[in-house]
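# Summary of the model geometry
Listed below, chain by chain, are the residues.
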Amino acid sequence: MSEKIYIAGHRGMVGGAILRKLAARRDAGEDLTLITKTSAELDLTNQAAVREFMQEAQPDEVILAAAKVGGIVANNSYPAQFIYENLMIECNVIHAAYEAGVKKLLQLGSSCIYPKMAEQPMREDALLTGILEPTNEPYAIAKIAGIKLCESYNRQYGVDYRSVMPTNLYGPGDNFHPENSHVLPALIRRFHEAAQAGADSVTVWGSGNPMREFLHVDDMAEASLFVLDLDDEIYQRETQPMLSHINVGSGTDVTIRELAETVAEVTGFQGELKFDATKPDGTPRKLMDVSRLKRLGWEASIPLKKGIQETYDWFLQQGMDQLRSK
């Protein structure tokens, strides 16, 4: 049976990985039609445009990987844009999908939905149990709203709209910009430049003791499609109508020191690794509880060092071009 799947956000790191996985399925013989639109072709914050597109395209399934994203500086500087644009994207896509008769939808969120002081590892039922991290609260509120939109449409209209919450993601297509990239791509760039310059040392902010979890974007794409494809009976056995989102992570974490040491090894940096303990550490630990996803039958498969090597290879091939164009 032919299936039409619309991937919103296909040019992003996660959306691009999902598109590659689906294209591989199609090339292997599955009868799939993959629908994509760039932001120039379709403004997802424009309700009328999204409704018109969805009515014309008539997809069978929708994957909502589009979002306005950024690091701590961007979240702090543009809170109104982050909450407005993400709320509009979610409301427009989810509602227009329902109006067009779409029965299956997958929405991608973020681990920042959990309270700042959530017990570690963070379980799905930690949602709405405490105060959010202030720096990205507007973004987190929008992502929580996305979960509740899916659950509410499921309850009222009998559709099957699901949500997955990834941990820190990395991989091909990441952002290596010096000012607004996340910790892993930022380290890859810094250690690469230090290695190329023959620098004696690299200084990393903080003590190096905080622990963080990382998941390769290809694993995230696999997990997303796994959850989307899950038989409804199996999915409902592990979820609740108003607690239906599923954490996606590796289930393991490393210290920032261990992460920096691995990046130094991969990039060939031979100098000294220093830590500036006068700089803030942030949250001591941030780890997802992925037992719900494991019970459903999926686990991450890409080891961190292998994933960092693949990401560095991509950076050398295409990431440098990305930086030169900015």
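Each chain carries its own residue numbering, running from 1 in the written order of its sequence. Residue-level local features of this predicted model are given only where pLDDT is at least 70; pairs of side-chain atoms are given and counted only at 80 or more, and the full residue set underlies all totals for whole chains, interfaces and linings. Note that the side-chain values use all heavy atoms of the structure and ignore hydrogens as well as water.

### Considerations on the overall build of the protein
Numbering of helices and strands runs from the N terminus; a helix is a DSSP stretch of H or I covering at least four residues, while a strand is a stretch of E covering at least two. Summing up its helical and strand segments, the protein has 11 helices and 13 strands in all. Dimensions along the principal axes, computed over C-alpha positions, put the protein at roughly 60 × 40 × 40 Å. Out of the 326 residues in the protein, the part that is buried amounts to 51%. Restricting the contact set of the protein to residue pairs at least 6 apart, pairs at least 24 apart contribute 82%. For accessible areas, the Shrake-Rupley method is used with a probe of radius 1.4 Å. Any residue's cover is judged against the shown protein chains and nothing else. Carbon and sulfur atoms form 48% of the exposed surface of the protein, whose accessible area is close to 15300 Å². Relative accessible area decides the class of each residue, using a 1.4 Å probe on protein chains only: under 20% of the type maximum gives buried, over 50% gives exposed, and in between gives partly exposed. Note on contacts: a residue pair qualifies if any of its non-hydrogen atoms lie within 4.5 Å across the two residues.

### Some remarks on the pattern of salt bridges
Salt bridge, as applied in this entry: a Lys or Arg side-chain nitrogen positioned within 4 Å of an Asp or Glu carboxyl oxygen. With the rule as written, the count across this model stands at 17 salt bridges. One salt bridge in this structure joins Arg285 and Asp253, with 2.7 Å as the shortest N-O distance. In this pair, Arg285 is assigned in strand 13 (residues 285-286) and Asp253 in the loop between strand 10 (246-248) and strand 11 (254-255), connecting sequence segments 32 residues apart. Its relative accessible area of 15% is what places Asp253 among the buried residues. Three or more residues joined by partner-sharing salt bridges are found here, namely Asp160, Arg162 and Asp232.

### Details of the packing of helix 6 (residues 183-197) against helix 9 (residues 256-267)
Between helix 6 and helix 9, the shortest axis-to-axis distance is 9 Å and the interhelical angle comes to 45°. By the angle between their directions, the pair helix 6 and helix 9 is classed as oblique. Once helix 6 is placed against helix 9, the crossing between them reads as right-handed. Where helix 6 approaches helix 9, its residues Val183, Leu184, Leu187, Ile188, Phe191, His192 and Ala195 are matched on the opposing element by Ile256, Leu259, Ala260, Val263, Ala264 and Thr267. Polar here means any residue outside two lists: the nonpolar Ala, Val, Leu, Ile, Met, Phe, Trp, Tyr, Cys and Pro, and the charged Asp, Glu, Lys and Arg; Gly therefore counts as polar. Across the contact of helix 6 with helix 9, the residue classes break down as 11 nonpolar, two polar and no charged. Angular values range over 0 to 180 degrees, each being the angle between N-to-C directions of two axes fitted as lines to C-alpha atoms, with helices fitted over their stretch in contact. Each angle gets one of four labels, with under 35 degrees taken as roughly parallel, over 145 as roughly antiparallel, 65 to 115 as roughly perpendicular, and the rest as oblique. When the near helix sits turned anticlockwise from the far one by under a right angle, the crossing is termed left-handed; a clockwise turn instead gives a right-handed crossing.

### Side note on the sheet that holds strand 2 (residues 32-35)
At least two DSSP bridges between two strands are required for those strands to pair. If you trace the six strands from one edge of the open sheet to the other, you get 2-1-3-4-5-10, paired in parallel fashion. Of all the strands in the sheet, just strand 2 and strand 10 have a single pairing partner and so form its edges. The mean angle between the axes of side-by-side strands here comes to 20°, regardless of whether they run parallel or antiparallel. Across four bridges, strand 1 (residues 3-8) lies against strand 2 in parallel orientation. Looking across to strand 2, one finds that Tyr6 is bridged to Ile35. Together, strand 3 (61-64), strand 4 (104-108), strand 5 (160-166) and strand 10 form the strand contacts of helix 7 (residues 217-229), whose direction differs from that of strand 4 by roughly 145°.

### Re unusual backbone geometry
For residues that are not glycine, phi is negative in most cases, and the peptide bond is trans in most cases. Residue Pro121 is reached from Gln120 by a cis peptide bond, and omega for that bond is -10°. Secondary-structure assignment places Pro121 in the loop between strand 4 and helix 5 (137-157). A positive phi is found at Gln58, a non-glycine position, where the angle reads about 50°. With respect to the helices and strands, Gln58 occurs in the loop between helix 2 (47-57) and strand 3. For Gln58, a relative accessible area of 34% puts it in the partly exposed group. At Leu128, a position not held by glycine, the phi torsion is positive, near 65°. In this fold, Leu128 is placed in the loop between strand 4 and helix 5.

In short, geometric facts, not functional conclusions.
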